[in-house]
Amino acid sequence: MIELTGLTKRYGEKVAVDHLTFTVRPGIVTGFLGPNGAGKSTTMRMVLGLDNPTAGDVRIDGKHYADLRDPLKYIGALLDAKAMHGGRNAYNHLLCLAQSNGIPRSRVSEVLETVGLTSVAKKRAKGFSMGMGQRLGIAGALLGDPEILMFDEPVNGLDPEGIHWIRNLMKALASQGRTVFVSSHLMSEMALTADHLVVIGQGRLLADTSMAGFIRENSRSYVRLRSPEQERLRDVMHEAGITAVSAANGSLEVDGVTSEQLGELAARHQLVLHELSPQQASLEEAFMRLTAESVEYHAHSDGDRPEPPGAGWGAGVQQPKRKGV
Amino acid sequence: MAATQVLKSEWTKIKSVQSTIWTLSLAAIVTIGLGVLISILSKNEFQKMSAQDKLAFDPTFVSFAGMSLGQLAMIVFGVLVVSNEYSTGMIRMSLAAVPQRGTFLFSKITIASALALAVGMVTSFASFFLGQAMLGDLRADIGDPGVLRAVVGGGLYMTLIALFSMGVASMLRSQVLALGVLMPFFFLLAPILGNVSATKKVGQYLPDQAGSKIMQVVAPAGDDAPYGPWGGLLIMALWVAAAVAGGYVLLRKRDA
């Protein structure tokens, strides 16, 4: 169990993590979702005692990280696949971690076997592909056979086979009753693995809900209609007690009525339809809506043009100050 | 967290990277090789020296002449041992495994210093005996007064140089920065400050200038240093203590 209470990290004026309070429970995979720069990695570093919180508290099974005796036996983490000395071979990389926590040497070979790196155990890590590095990082997390596992963006840079492997591994670890906390910026990835969802944006907690609940609330299904006689269509639906909402692209969106019913209604009134299509809002859209307010670095859309390049010498030096939105 | 576990872990770390072997063997080879070379040259030049120089001729110190260059490899060793953690990102794994940052740093420094001491002693004794063999009838004997102290001191000097570098690297974290500060300092700045008469009063308290006094058996002409061989080594040890303490304080409060 990982408990965060009012966890806050400030870098000067900038707030990276803003009063986060939530609990990561055992037996399930908890997805930690947020756009890039939302504060996921900073939060995870604070869980491991690597970064000091500006305020608030984080506890592992009720204890502060620094008070854990042989912490790798409580919590294993994959923070950054490249966090290893490239000149050291895979076996020795794991061995030095194992020795520091009094973990027997035999366990090193075991975890290498688990992640499928036995054949390259004596190869130096700098020759490893991204996927192999990720596997070695996961081997390090599993080393102490910990009850809590934390993975920061574990599928980054993995091929489909590797992604599949990691998903199954996380589910298997959770089904053994372990606490699994995994971060991602991809909703679709989380939908496949997580049972519980914690969403943050700009360091603030936006949602703390079960995956099933999130899907129920956010996967809205509706019907999109377009007609050259939009106003009449609206009136006809209004008489039938159906409320339509105008969408940005000039179409109408209707909730809670099937496309069949709407098509028959239009036929009865001899209305011409240019579109009649059932739609399902994706979880990705739901996630984007949720975090839209908090996305720190918006791509410039049409309405929000970048400043025209300044005329004259040195204009490029004076970057316009970018404020958080 | 048993400290022995962490010591074991640091021993595995240090012996499983090639830079350890590279830097330490370079330190030994350069120190011994250059010492031998300069001993040969000194013997050939001895007849041409002034009476005063002949009087101040220190065969023991001559055989350590390679130290000024060999110590640079020791500096690289000390810097790499610490800064490798930062340049590779390994530091986050290391501190997650050993959150007691003092235990982590001092275990690392203990293992690296023990290794530097072993290599330093072998290098110092080898430099002495090979150098004396080249000096022929000018040679000093290990039993002569002050000679054993100077030879043991040579090993201690190399160890302290490595330790000082570890302390500085702990403070600066970046190996480029640490080497960029230490190399010019020990190769150029300290020798100049310590030998130019205008700056000598201050320069003689710099770590290498004070520390190398331990390797002298005969005081050089015009030497008026206010400290003896052990006093000099103590001054150097204070520099080392300050660097390591600085590294420890910063490691404790910084985000990794």
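Treat the numbers as computed from the prediction; the structure is a model and nothing was measured.

Colleague: Just give me the short version of the overall build of chain A, but keep the residues and values in it.
Modeller: In terms of regular secondary structure, chain A is built from 10 helices and 13 strands. Sequence separation of at least 24 residues holds for 71% of the intrachain contacts in chain A that already meet a minimum separation of 6.

Colleague: Give a detailed account of the environment of A:Val236, specifying residues and quantitative values.
Modeller: Residue and element names in this part refer to chain A. Counting through the fold element by element, Val236 comes out in helix 8 (residues 230-239). Judged by C-beta crowding, with 19 C-beta atoms within 10 Å, Val236 ranks as partly exposed. As for Val236 and His269, which are separated by 33 residues in sequence, their C-alpha atoms are 7.8 Å apart. Beyond its immediate stretch of four places on either side in the chain, Val236 contacts Leu265, His269 and Leu271.

Colleague: Lay out the pairing of strand 6 (residues 148-152) of chain A with the relevant residues and their values.
Modeller: All names here are of chain A. Most of strand 6 is tucked away, with five of its five residues classed as buried. Inspection of the sheet shows strand 5 (residues 75-78) paired to strand 6 by four bridges, in the parallel sense. Its bridge partner lying in strand 6, Leu78 is registered against Phe151. In this sheet, strand 7 (residues 179-184) lies alongside strand 6 in parallel orientation, the contact comprising five bridges. Among the inter-strand pairings, Leu149 is bridged to a residue of strand 7, identified as Val180. For the handedness criterion, the β-α-β arrangement of strand 6, helix 5 (residues 160-175) and strand 7 is classed as right-handed.

Colleague: Talk me through the interface of chain A and chain B; I want residue IDs and the actual numbers.
Modeller: Taken residue by residue, the interface counts 31 residues in chain A and 25 residues in chain B. Sorting elements by how many residues they give to the side of chain A that touches chain B places helix 2 (residues 90-100) of chain A first, with six residues. When its residues are assigned to classes, the side of chain A that touches chain B shows 13 nonpolar, 12 polar and six charged.

Colleague: Describe the sheet that holds strand 1 (residues 2-11) of chain A, listing the residues and the values that go with them.
Modeller: All names here are of chain A. In spatial order, the strands read 2-1-4; together these three strands make up an open sheet with antiparallel pairing. A single partner strand is all that each edge strand has here, and the edge strands are strand 2 (14-24) and strand 4 (55-60). If you compare each strand with its neighbour and ignore which way they point, the axes differ by 20° on average. Note: strand 1 against strand 2, seven bridges, orientation antiparallel. Counterpart to Leu4 in the pairing with strand 2 is Phe22. Docked against the sheet, helix 1 (residues 40-47) engages strand 1, strand 2 and strand 4, running at close to 120° with respect to strand 1.

Colleague: Can you explain helix 1 of chain A? Please cite residues and give values.
Modeller: Counting buried positions along helix 1 of chain A yields seven of eight residues, so the element is predominantly enclosed. All of the buried residues along helix 1 of chain A are A:Lys40, A:Thr42, A:Thr43, A:Met44, A:Arg45, A:Met46 and A:Val47.

Colleague: Go over the sheet that holds strand 7 of chain A, please, and point to the residues and values.
Modeller: Residue and element names in this part refer to chain A. Spatial ordering of the open sheet is given by 5-6-7-3-8-9, a layout of six strands whose pairing is mixed. The open sheet has two edge strands, strand 5 and strand 9 (204-210), and neither has a second partner. For this sheet, the mean inter-axis angle between neighbouring strands, taken without regard to orientation, is 15°. Its contacts with the sheet place helix 4 (residues 130-142) against strand 5 and strand 6, and it is angled at close to 170° to strand 5.

Colleague: Explain helix 2 (residues 18-45) of chain B to me, using residue names and the numbers behind them.
Modeller: Look at helix 2 of chain B: 40 Å from first C-alpha to last across 28 residues, which is about the 40 Å you get at 1.5 Å a residue. Check the buried side of helix 2 of chain B and you find it contacts helix 1 (3-15), helix 4 (59-63), helix 5 (67-88), helix 7 (101-135) and helix 8 (147-172) of chain B.

Colleague: Hey, could you go over the packing of helix 8 of chain B against helix 9 (residues 175-195) of chain B for me, with residue numbers and the actual values?
Modeller: Residues and elements named next belong to chain B. The N-to-C vectors of helix 8 and helix 9 enclose an angle of 135°; their axes lie 9 Å apart at closest approach. Between helix 8 and helix 9, the angle is such that the two are oblique. Along this stretch, helix 8 crosses helix 9, giving a crossing that reads as right-handed. Residues Ser165, Val168, Ala169 and Leu172 of helix 8 lie in contact with helix 9, whose contacting residues are Gln175, Leu177, Ala178, Val181 and Leu182.

Colleague: Kindly report on the packing of helix 7 of chain B against helix 8 of chain B, identifying the contributing residues and their values.
Modeller: All names here are of chain B. At their nearest, the axes of helix 7 and helix 8 sit 7 Å apart, and the two run at 150° to each other. Helix 7 and helix 8 meet at a crossing whose hand is right-handed. Looking at the contact of helix 7 with helix 8, its residues break down into 13 nonpolar, nine polar and no charged.

Reading the values: the criteria
- Residues numbered from 1 in each chain as written.
- Chains lettered and ligands numbered in written order.
- Predicted model: local features only at pLDDT ≥ 70, side-chain atom pairs only at ≥ 80, totals over all residues.
- Helix = DSSP H or I, 4+ residues; strand = E, 2+ residues; numbered from the N terminus.
- Contact = placed C-beta atoms within 7 Å.
- Buried ≥ 20, exposed ≤ 12 C-beta atoms within 10 Å, placed from the backbone.
- Pairing = 2+ DSSP bridges.
- Right-handed = clockwise from strand over helix to strand, strands pointing away.
- Nonpolar A, V, L, I, M, F, W, Y, C, P; charged D, E, K, R; others polar.
- Axes fitted to C-alpha atoms, helices over the stretch in contact; angles between N-to-C directions.
- Expected span 1.5 Å × (residues − 1).
- Parallel < 35°, antiparallel > 145°, perpendicular 65-115°, else oblique.
- Left-handed = near helix turned anticlockwise from the far one by under 90°.

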